[in-house]
Amino acid sequence: MHNCFKETAETFLSSTGLKLPVDYTVDVDKRKAILNFVVEGDAVKAIELTEELAPNLLENDMDLHFDLISLHFIELIRSRKCTEALEFGQKKLTPFGKVSKYVEKLEDFMALLAYEEPEKSPMFHLLAPEYRQNVADSLNRAILAHANLPAYSSLERVIQQSTVVRQYLQQEVDKDSYPPFCLKAFLDK
């Protein structure tokens, strides 16, 4: 349910006879729609729906708000709407320029305007689907936290904790006796 795979969770629950707490499924469909808008590059719609689902979330999480606004700026550049991107950047991104932690990112975003083919620029990673997915993942965790739900699933937490424990054991004991944890290798066994 953390990543909005409602149908998968429902199938698993029906096959195991388990029941999910009622409040756990609240707003999964809305959250899934928001995340889909982010992954598809429609940050404006994602912002609107986020404000409906989790009021004040973006006001209180400026990093996330910045990421979503930047995503819209990037999509304007991807669509070759450079004039519109520049106007949007001046209106919506300029206030972030007063905060030092955003300055370098802003420079990277604005540098995309200098290239006829931004996909071939040194900042091409900002146009990659992975960038959108990272923003979507951050937004998902923030919405879950806003709803007082865990930001990570139990399975994710167990894997994170086991990785830390194995790394610690590797440092403390014989370094060759515990190889670093690799989920793919573990699943292939």
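Residues numbered from 1 in each chain as written. Predicted model: local features only at pLDDT ≥ 70, side-chain atom pairs only at ≥ 80, totals over all residues. Heavy atoms only, no water.

Colleague: Any chance you could explain the overall build of the chain here in plain terms?
Modeller: Within the chain one finds ten helices and zero strands. Ordered by position from the N terminus, the helices and strands of the chain form the series α-α-α-α-α-α-α-α-α-α. Taking all 189 residues of the chain together, 33% fall into the buried category. Within the chain, contacts between residues separated by at least 24 positions form 55% of all contacts whose residues are at least 6 apart in sequence. (Helix = DSSP H or I, 4+ residues; strand = E, 2+ residues; numbered from the N terminus. Buried < 20%, exposed > 50% of the residue type's maximum accessible area, 1.4 Å probe, protein only. Contact = heavy atoms within 4.5 Å.)

Colleague: Hey, could you run me through the packing of aromatic side chains in this one?
Modeller: The geometry of two aromatic rings is summed up by the distance between their centres and the angle between their planes. Under the definition given, this model contains four aromatic pairs. Arranged with centres 4.5 Å apart and planes meeting at 35°, the rings of phenylalanine 66 and tyrosine 102 form a pair that is tilted. With phenylalanine 66 in helix α5 (residues 62-78) and tyrosine 102 in helix α7 (residues 100-111), the pair connects residues that are 36 residues apart, well separated along the chain. The exposure class of phenylalanine 66 is buried, given its relative accessible area of 0%. (Phe/Tyr/Trp six-rings, centres within 6.5 Å; stacked < 30°, edge-to-face > 60°.)

Colleague: Whenever I open this one, the pattern of salt bridges confuses me. Can you help?
Modeller: If charged atoms from side chains of opposite charge come close, those side chains can pair. On inspection of all chains with the given rule, the structure shows eight salt bridges. Here lysine 120 makes a salt bridge to glutamate 117, at a shortest N to O gap of 3.1 Å. With a shortest N-O distance of 3.2 Å, lysine 184 and aspartate 188 are connected by a salt bridge. Highlighted residues: lysine 184 and aspartate 188, both in helix α10 (residues 183-188), separated by four residues, approximately one helical turn. A relative accessible area of 55% means that aspartate 188 is categorised as exposed. Among the ionic contacts, a cluster of salt bridges with common partners joins Glu75, Arg78 and Arg132. (Salt bridge = Lys/Arg side-chain N within 4 Å of Asp/Glu carboxyl O.)

Colleague: Mind showing me how you'd approach the side chain of serine 121 here?
Modeller: Within the secondary structure, serine 121 sits in the loop between α7 and α8 (129-146). The exposure class of serine 121 is buried, given its relative accessible area of 3%. Excluding its chain neighbours within four sequence positions, the residues that come into contact with serine 121 are Leu112 and Tyr115.

Colleague: I would appreciate a short explanation of a nonpolar patch on the surface in the present structure.
Modeller: Among the surface-exposed residues, Leu183, Phe186 and Leu187 lie close enough to one another that they form a single nonpolar patch of about 310 Å² accessible area. On the secondary structure map, phenylalanine 186 appears in helix α10. (Patch = residues over 30% accessible without salt bridge, like charges linked within 9 Å, V, L, I, M, F, W, Y side chains within 5 Å. Areas by Shrake-Rupley, 256 points an atom, 1.4 Å probe, with all protein chains shown as cover.)

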